[in-house]
Amino acid sequence: MLYYLFQFLEDKYQFPGAQLFEYLSFRSAMAILLSLLISTIYGKRIINYLQTKQIGESVRELGLQGQSEKAGTPTMGGIIIIISTLIPVLLLAKLENIYVILLIITTLWMGAIGFLDDYIKTFKKDKEGLPGKFKIIGQIGLGLIVGCIMYFNDGITVKEKANPKEVISQEMMLGSEKLPEMGPSQKNLTTTIPFVKNNEFDYSKIISWINPDLANYAWIIFIPIVIFIVTAVSNGANLTDGIDGLAAGSSAIIVLALGIFAWVSGNIIFSDYLNIMYIPNSGEMTIYITAFAGALVGFLWYNTYPAQVFMGDTGSLTIGGIIAVLAIATRKELLIPILCGIFLVENLSVMLQVAWFKYTKKRFGEGRRIFLMSPLHHHYQKKGHHESKIVVRFWVVGIFLAILTIVTLKLR
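Procedures and definitions
- For every chain, the first residue of the written sequence is number 1, and numbering continues from 1 onward in sequence order.
- Restriction of local features to residues with pLDDT of at least 70 applies here, the model being predicted, together with a cutoff of 80 or more for giving and counting side-chain atom pairs; totals for whole chains, interfaces and linings are based on all residues.
- The basis for every side-chain value is the complete set of heavy atoms in the structure, and neither hydrogens nor water enter the calculation.
- Cavities and pockets were defined on a 1 Å grid built from protein atoms only: a cavity is a group of points that admits a 1.4 Å probe but offers it no way out, a pocket is an open group of points flanked by protein on both sides within 12 Å along at least five of seven lines, and a lining residue is one with an atom within 4 Å of any such point.
- Grid points are joined across faces, edges and corners, and a volume is the space filled by probe spheres set on the points.
- By the convention adopted, Pro, Cys, Tyr, Trp, Phe, Met, Ile, Leu, Val and Ala count as nonpolar, Lys, Arg, Asp and Glu as charged, and the other residues, Gly among them, as polar.
- Each salt bridge in this description consists of a side-chain nitrogen of Lys or Arg and a carboxyl oxygen of Asp or Glu lying within 4 Å of one another.
- Secondary structure elements follow DSSP: runs of H or I of four or more residues count as helices, runs of E of two or more count as strands, with numbering from the N terminus.
- Each residue is assigned to one of three classes by its accessible area relative to the maximum for its type, calculated with a 1.4 Å probe on protein chains only: buried under 20%, partly exposed between the two thresholds, exposed over 50%.
- Where helices are involved, their axes are fitted lines through C-alpha atoms of the stretch in contact, as for all axes, and angles between N-to-C directions lie from 0 to 180°.
- Oblique is the label for any angle not covered by the other classes, which are roughly parallel (under 35 degrees), roughly antiparallel (over 145) and roughly perpendicular (65 to 115).
- We call two residues in contact when some of their heavy atoms are within 4.5 Å.
- A pair of Phe, Tyr and Trp rings is counted when the ring centres sit within 6.5 Å of each other, with Trp represented by its six-membered ring. The angle between the planes then sorts it: under 30 degrees is stacked, over 60 is edge-to-face, the rest tilted.
- By this rule, a helix spans an expected 1.5 Å times one less than how many residues it contains.
- The predictor's confidence in any single residue is recorded as pLDDT, a number from 0 to 100.
- Whenever two N or O atoms come within 3.5 Å, that pair is a polar contact, provided that in protein one can donate a hydrogen and the other can accept it, and provided that, for residues adjacent in sequence, both atoms are side-chain atoms.

Enquirer: How would you summarise empty space enclosed by the protein if you had to cite specific residues and measurements?
Expert: This model, assessed by the stated rule, comprises two cavities of 30 Å³ or more. Looking at the largest cavity, its volume works out to about 100 Å³. Partitioning the lining of the largest cavity into residue classes produces seven nonpolar, four polar and three charged. Volume-wise, the second largest cavity comes out at about 60 Å³. Grouping the amino acids of the lining of the second largest cavity by side-chain chemistry returns five nonpolar, two polar and two charged.

Enquirer: Quick rundown of the pattern of salt bridges? Include the residues and the values.
Expert: Under the counting rule described, the total for this entry stands at four salt bridges. We note a salt bridge from aspartate 117 to lysine 135, for which the minimum N-O separation is 3.5 Å. On the criterion of sequence distance, the pair formed by aspartate 117 in helix α4 (residues 98-123) and lysine 135 in helix α5 (residues 132-152) is long-range, its members being 18 residues apart. Residue aspartate 117 is classed as buried on the basis of its relative accessible area of 0%. Residue classification places lysine 135 among the buried positions, given a relative accessible area of 14%. Linking lysine 135 and aspartate 313 is a salt bridge whose minimum nitrogen-to-oxygen distance equals 2.8 Å. Of the two residues, lysine 135 sits in helix α5 while aspartate 313 sits in helix α12 (residues 312-329), which places them 178 residues apart along the sequence. Of the two residues, lysine 135 and aspartate 313, neither departs from the other in class, the shared state being buried. Among the ionic contacts, a cluster of salt bridges with common partners joins Asp117, Lys121, Lys135 and Asp313.

Enquirer: So what's going on with the packing of α4 against α5? Which residues, and what values?
Expert: It is the contact of α4 with α5, at a shortest axis distance of 10 Å, that shows an interaxial angle of 175°. Our classification of the angle between α4 and α5 gives roughly antiparallel. Mapping the contact onto sequence places Ile98, Leu102, Ile105, Thr106, Trp109, Met110, Ile113 and Asp117 in α4 and Lys135, Gly138, Gln139, Gly141, Leu142, Ile145, Val146, Ile149 and Met150 in α5. Of the residues that constitute the contact of α4 with α5, the class distribution is 11 nonpolar, four polar and two charged.

Enquirer: Describe the packing of aromatic side chains, listing the residues and the values that go with them.
Expert: For the structure shown, the criterion picks out eight aromatic pairs. On the basis of an interplanar angle of 80° and a centroid distance of 4.7 Å, the ring pair of tyrosine 151 and phenylalanine 152 is categorised as edge-to-face. With centroids separated by 5.6 Å and ring planes inclined at 55°, the aromatic side chains of tyrosine 203 and phenylalanine 222 adopt a geometry described as tilted. Of the two residues, tyrosine 203 sits in the loop between β2 (200-202) and α7 (205-208) while phenylalanine 222 sits in helix α8 (residues 219-240), which places them 19 residues apart along the sequence. Of the two residues examined, tyrosine 203 and phenylalanine 222, each falls in the buried class. Grouping aromatic residues by their ring pairs yields a cluster made of Phe115, Tyr119 and Phe123.

Enquirer: Account for the layout of surface pockets, naming residues and giving values.
Expert: A water-sized probe rolled over the atoms picks out the places where empty space is left. Roughly 280 Å³ of volume is contained in the second largest pocket. If you trace the second largest pocket, you find 14 residues lining it, with Leu24, Lys94, Gly266, Gly283 and Glu284 closest to the centre. Here the lining of the second largest pocket is composed, by residue class, of three nonpolar, seven polar and four charged.

Enquirer: I'd like to hear about helix α9 (residues 246-265), residue by residue, with values.
Expert: With 20 residues, α9 should cover 28 Å at 1.5 Å per step; its first-to-last C-alpha distance of 29 Å lies within 8% of that length. Of all 20 residues that make up α9, 17 are buried, and the element is covered over most of its length.

Enquirer: I'd like a rundown of the environment of glutamate 387, residues and numbers included.
Expert: Considering the arrangement of structural elements, one finds glutamate 387 in helix α16 (residues 387-407). Each C-alpha atom of the pair glutamate 387 and phenylalanine 357 lies 26 Å from the other, and the pair is 30 residues apart in sequence.

Enquirer: Got a sec to walk through the confidence of the model for the protein chain? Specific residues and values, please.
Expert: When the pLDDT values of the protein chain are averaged, the result is 87; 90% of them are 70 or greater. The secondary-structure element of the protein chain with the lowest mean pLDDT is helix α6 (residues 164-174), recorded at 41, while helix α11 (residues 285-303) shows the highest, at 96. Low pLDDT, under 50, characterises residues 164-177; the stretch is placed with 11 contacts to residues that sit more than four places away or in other chains.

Enquirer: How would you summarise α4 if you had to cite specific residues and measurements?
Expert: The end-to-end C-alpha separation of α4 is 37 Å, in line with the 38 Å expected for 26 residues at 1.5 Å each. Backbone nitrogen of tyrosine 99 and a side-chain oxygen of the N-cap are separated by 2.8 Å at the start of α4; the cap is asparagine 97. Positive backbone phi, approximately 55°, marks lysine 125, located one or two places after α4.

In structure tokens form, the structure reads like this:
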């Protein structure tokens, strides 16, 4: 909203400083500062409100060190992250931008599912919360919305290198000025394959090799892939939220890496220099990303050990959904196994533990375990490591994976 106000002041009155709001870098810096201030200053008020309403965590007895001390800690802290993200976005972003709209829908959708789950756990005293099938239905619903918008919306396009004839024509029109040589906007399902040259892949090729006309039905392939990604990443974030600061810190690292991808993909000069696809209007996602990153870091002020508040499913499901949509929108979803490696191993640890237990119980009559406990962070707790040490080491691994992901821009 401030963006439109200052745009009006600049156009109508040439108001001093109003033109700053035209710069993505300035609005991004303002977004992260504002979200940090909201999450740290008003976050405490939200925590106090949750305490007065006795919205505390009901902790299951799992035999983990320090677990009983966390009973009664306020939950639903994800509200802090959501509010601290949305307010700067509404003030500073171009709200007609399709990517910003998509991210707002994602935040509200997943936030509502998580809030309902936390509400049932807290107020209905049902430790199971919202039944898993309803969570999955909600995640599938979001994936369907995201997939349809990405496929059918005319505002979502990419630009690739222009062919030689277009380059000559462009240079003749520009005279001595030299701009990146990009072709016209295209509506396609191109994504990025890491670590290989000519690393752009179109999902339509999965079926168009059978018959070229089948390319018009590529949504049959694309939308289920989007649904799978949204479901997997949101569940991964949910599983990672098990000890103080782990989910919020790991997610902040991931989000900042995605911010770099959004920045360079939405900038015609950077995308040309890095020889990556140019995604028109995607740079506006940087506002959302910086606001989201600031909200996560601000939330850590109260969520690091010993936590004064837990994010609950209100936060973890929202975080996972946003990260998934950001990766899809920047055409970097195939990098998720690397960038979201922490989420991946947490997911896999649970899947392997359950599968092996069921197999050995059927085979030997007694269930056996691979890990002392799953998800993986609880395995290290069982081994006697303090949760602060586990969290920091997971962050270090997350930073390494984020750097490795960013390096794929040039390492092919």
